[in-house]
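Spelled out from the first residue to the last, the chains are:
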2 protein chains.
Amino acid sequence: MVAATPRRQPTLDEVAERAGVSRSAASRVINKAPHVSRATREAVERAIKEMGYRPNRTARALATRQTGIIALAVSHDDPELFADPFFAQVIVGVSAAIEDTDLHLLLCLASSGRGRSRLMNLLHARGVDGIMLMALHGDDPLTSIVAQAGLPAVHGGRPLHGEPQWFVDSDNLGGARLATEHLIALGRTRVVTITGQMFTQVGEARYRGYREAMIMAGLVPHGTAEGDFTEAGGAAAMKTLLDLHPDLDAVFAASDKMAAGALRVLSDAGRSVPADVAVVGFDDLDIAERTDPPLTTVHQSIQALGKEMARMLIGLIGGQEPTSIVLPTRLVRRDSA
Amino acid sequence: MVAATPRRQPTLDEVAERAGVSRSAASRVINKAPHVSRATREAVERAIKEMGYRPNRTARALATRQTGIIALAVSHDDPELFADPFFAQVIVGVSAAIEDTDLHLLLCLASSGRGRSRLMNLLHARGVDGIMLMALHGDDPLTSIVAQAGLPAVHGGRPLHGEPQWFVDSDNLGGARLATEHLIALGRTRVVTITGQMFTQVGEARYRGYREAMIMAGLVPHGTAEGDFTEAGGAAAMKTLLDLHPDLDAVFAASDKMAAGALRVLSDAGRSVPADVAVVGFDDLDIAERTDPPLTTVHQSIQALGKEMARMLIGLIGGQEPTSIVLPTRLVRRDSA
DNA sequence: CCCACGCCTGGAAGCGGTCCCAGAAACACT
DNA sequence: AGTGTTTCTGGGACCGCTTCCAGGCGTGGG
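Treat the numbers as computed from the prediction; the structure is a model and nothing was measured. Residues take numbers from 1 onward in each chain, read along the sequence in its written order. As they are written, the chains are lettered A onward and the ligands numbered 1 onward, keeping that order. With pLDDT at 70 or above as the cut-off, local features in this predicted model cover only qualifying residues; side-chain atom pairs require 80 or more to be listed or tallied, and sums for whole chains, interfaces and linings still use all residues. Only heavy atoms go into the side-chain values, all of them from the structure, while hydrogens and water stay out.

Enquirer: I'd love a proper account of helix α9 (residues 201-216) of chain A, names of residues and values included.
Expert: Residue and element names in this part refer to chain A. The end-to-end C-alpha distance of α9, which contains 16 residues, comes to 22 Å, matching closely the 22 Å that a straight helix rising 1.5 Å per residue would cover. Using a 1.4 Å probe on the protein chains alone, a residue whose accessible area is under 20% of its type maximum counts as buried, one over 50% counts as exposed, and one in between counts as partly exposed. Note on conventions: DSSP H or I runs of at least 4 residues are helices, E runs of at least 2 residues are strands, and numbering of each starts at the N terminus. Within the sequence span of α9, burial applies to Q201, G203, A205, R206, Y207, G209, Y210, A213 and M214. Summarising the contacts, the buried residues of α9 are in contact with β5 (167-170), α8 (172-185), β6 (191-195), β7 (224-226), β8 (250-253) and β9 (278-283). The first or second residue beyond α9 is G218, which carries a positive phi of 80 degrees. What a helix is expected to span follows from its residue count: subtract one and scale by 1.5 Å. Working rule for contacts: check all heavy atoms of both residues, and any pair within 4.5 Å makes them a contact.

Enquirer: Describe the interface of chain B and chain A, and please don't skip the residues or the numbers.
Expert: Chain B puts 44 residues into the contact, and the matching count from chain A is 44 residues. By buried area we mean the combined loss of accessible area, with a 1.4 Å probe, across both parts when two parts are placed together. Where chain B abuts chain A, roughly 4000 Å² becomes buried across the two surfaces, and 57% of that area is made up of carbon and sulfur atoms. Considering only the side of chain B, the residues that lose the most area to chain A are R54, H104 and R118 of chain B, jointly responsible for 16% of the buried surface there. Any carboxyl oxygen of Asp or Glu that lies within 4 Å of a side-chain nitrogen of Lys or Arg is treated as forming a salt bridge with it. Here chain B and chain A share zero salt bridges between them. Here a polar contact is recorded for every N or O atom pair within 3.5 Å, except that within protein the pair must consist of a potential hydrogen donor and a potential acceptor, and residues adjacent in sequence are included only if both atoms are side-chain atoms. Run the count over chain B and chain A and you get twelve residue pairs in polar contact (both at pLDDT 80 or more). Breaking the side of chain B that touches chain A down by element, the ones donating at least two residues are α4 (57-64), α5 (85-98), β2 (104-109) and α6 (113-124) of chain B. Counting residues per element, the side of chain B that touches chain A draws most heavily on α6 of chain B, which supplies seven residues.

Enquirer: Describe the sheet that holds strand β8 (residues 250-253) of chain B, with residues and values.
Expert: Two pairing modes exist for strands in a sheet, parallel and antiparallel, and in both the strands are linked by backbone hydrogen bonds. Residue and element names in this part refer to chain B. Pairs of strands are assigned from DSSP output, requiring at least two bridges between the strands. Within the open sheet, the six strands sit side by side as β7-β6-β8-β9-β10-β12. Their pairing is mixed. Whereas interior strands pair on both sides, the edge strands pair on one side only; in this sheet they are β7 (224-226) and β12 (330-332). The mean inter-strand angle of the sheet, taken between neighbouring strand axes irrespective of direction, is 20 degrees. As judged from the three bridges shared by strand β6 (residues 191-195) and β7, these two strands associate in the parallel manner. Each residue of the ladder has a partner; that of T195, found in β7, is E226. Each axis is a line fitted through C-alpha atoms, and for a helix only the stretch in contact is used; angles between axes span 0 to 180 degrees, taken between their N-to-C directions. Packed onto the sheet, helix α11 (residues 256-268) meets β6, β8, β9 (278-283) and β10 (296-299) and runs at close to 155 degrees relative to β9.

Enquirer: Describe the relation of the copies chain B and chain A, naming the residues involved and giving the relevant values.
Expert: Here the copies are superposed with least squares, the fitted atoms being C-alpha atoms of residues at a pLDDT of at least 70 in both. Superposing chain B onto chain A takes a rotation of 180 degrees combined with a translation of 0.0 Å along the rotation axis, leaving an RMSD of 0.1 Å. One copy is carried onto the other by what is essentially a two-fold rotation axis. The rotation axis passes nearest to the C-alpha of L106 of chain B in chain B, at a distance of 2.1 Å. Interface residue correspondence from chain B to chain A reaches 100%, placing this contact among same-surface, isologous pairings.

Enquirer: So what's going on with unusual backbone geometry? Which residues, and what values?
Expert: Residues and elements named next belong to chain A. A cis amide bond, omega 5 degrees, links V273 with the succeeding residue P274. Mapped onto the elements of the fold, P274 is located in the loop between α11 (256-268) and β9. Of note in the backbone geometry, R65 takes a positive phi value of approximately 60 degrees without being a glycine. Mapped onto the fold, R65 is located in the loop between α4 (57-64) and β1 (69-74).

Enquirer: If you had to explain the protein's contact with DNA strand C to someone new, which residues and values would you point to?
Expert: Lining the immediate surroundings of DNA strand C are 28 residues, of which R28, S37 and T40 of chain A together with L12 and S27 of chain B lie closest. Within the side chain of T40 of chain A, a nitrogen or oxygen atom sits 2.5 Å from a phosphate oxygen of DNA strand C. Taking A59 of chain B, its main chain carries an N or O atom lying 3.4 Å from a base nitrogen of DNA strand C. Of all the elements in the fold, those that place two or more residues in the surface near DNA strand C are α2 (23-30) and α4 of chain A together with α2 (23-30) and α4 of chain B. Consider each residue's heavy atoms; a residue with any of them within 4 Å of a molecule or strand counts as near.

Enquirer: Outline the packing of aromatic side chains, supporting the account with residue identities and numerical values.
Expert: Two aromatic rings, drawn from Phe, Tyr or Trp (for Trp, its six-membered ring), form a pair once their centres lie within 6.5 Å of each other, and the interplanar angle then sorts them: stacked below 30 degrees, edge-to-face above 60, tilted otherwise. Evaluation of the coordinates by the stated rule reveals eight aromatic pairs over all chains. For the pair F86 of chain A and F87 of chain A, a centre-to-centre distance of 5.3 Å together with 85 degrees between the ring planes defines the contact as edge-to-face. Assessed through its relative accessible area of 25%, F86 of chain A is described here as partly exposed. Judged by its relative accessible area of 5%, F87 of chain A falls in the buried class. Ring centres of Y207 of chain B and Y210 of chain B lie 6.1 Å apart, and the angle between their planes is 35 degrees; this geometry places the pair in the tilted category. Placement of both Y207 of chain B and Y210 of chain B in helix α9 (residues 201-216) is noted, with a separation of three residues, approximately one turn of the helix. The structure contains a cluster of three or more aromatic residues connected by ring pairs, namely F82, F86 and F87 of chain A.

Here's what the structure looks like:
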């Protein structure tokens, strides 16, 4: 037998009764609606305090058709991908943005087909007020699922070839251009690049930035190898590039991890950085400070990205007109270039 | 003007009407309740399909008093702490556990006072069915908030000095003992330890494991320095220990990061690892493979921890009797010991 | 003095489901 | 044919809140 009944939360009716007013009056007080006399307000407020009343979220949601919950969906085939600190940063940013609203964050790892259908259900069942999508590749079914549900949605990062949607993204193109221009300003002319996967929007944009900077400077792109954003991939790409273009004097790697791999390979090949070869990365992860030599790289604020996504979503839910946002990136100079 | 009205989701009433049955009948079909004739079931199922009906989550929640949402709350003073991959792993584990239920995961970063009060509201407002708590230090107000809300709750990691609660935890004590025994088995007798903060349960348990193993082997704990689980802290502690006990021949560091710091200091001091000094870490993070030499360490599965927490919470919500769980740890041998 | 107009108020109809219950229909058995 | 049992059915009362609306009560102007 349980000793004490786990006392039910008081309801609005009970509060109203105790305050000696109608439920509607009590409701008005709680929602700070106009047309409430001072006496009524005070009576209700006292009752609320005395009874420890909290409006039931679910009931309110049913009546207002607003759940007070927004979802962050991370869609990818590999659930392990979520372990990338990237997402943790996004979450920190989102949390900061909703910190002083009464919204809450629902997290959906929609990797498997199962996960996607769960998410689909959630959206159609009106379980959330809006959704933030991340890590979609071009033709992710989620895009259309979300569109079909007719819910406010914002994308983190631009879909590669999607219908026009509202998104928040880092300025990958501008950042890559910045990096490349920096290398050129250093007097390097035989600048090569290690790209990310070209079927991702990020990979493509960073490559385009490199290319544009080279062309604007009257140089020809000196060499390109596709990596996969990982350290191993960067190392492999660097080897290829050294073989094909032994005269290279600078490398723009589209991610810090790839840059780290490249640095290792360069050092093994006896090229000194930055004297022989200057290297710039992208992302400004923690590791950028710990490579040898410390990596000059392009900084992007992932927290800011999360924050802006959430802000934008809140705006959309509130009926605001959407506008896409591109967040600035900036060069962080260390020793590798 | 908007072109087309964003058609409302159909309701159960509409489905029932279309199927030519009562709402109760339709509800029974949806919930696979008994006492439904074949004809009724088929008619309703057809109507559902044709209209694309999905039961409204909120309405159902109100009626059943079950939201279908569980919360994971991470409480800590520093919001940046969440960036630690640890939590991402927990989340992956939790997600795996709820993958084939229709539960969803709400994430609360309750660092600030503001965050805590939001969480408190959520719980009292019956916004979730249960909660998983992480990263509390001893007297975190969350503990009592949760208890007071009378909601199913499970702790990740044992509270340091809390009332008896239900928890899932890695076997920190056993793991530390394992590590220390390994060092002793190697013939080392002057084994020192770098502990985590002793006001954390983890720090305390890992220290106790070290101590017990030493005593069981008839040795006396040779030296102890308190770190803070970080690389810098580990390095500082290692310096202290070298000063105080220049004759040490083995180190058990209570985290891989601290071990990494210690390795650096040892190398700078001209001690070779493992020849002069054997080192064992704890956690088996990615970095353990990349230290020089690769780190022998104690492996714990964080994903499993998350998974078990979620399973346990689901059980509690279902009315099961709670049982705490201690997850096994195991030694991973690399080159440092 | 009467009426129009303002602020407050409580009643009641919702939001979209679940679930209890009484009764109808179908079947088996004396 | 009458009775009992079982299966199926729809009516309706909830869950706890918001919100519309009609009416009560003061005011001030005509």
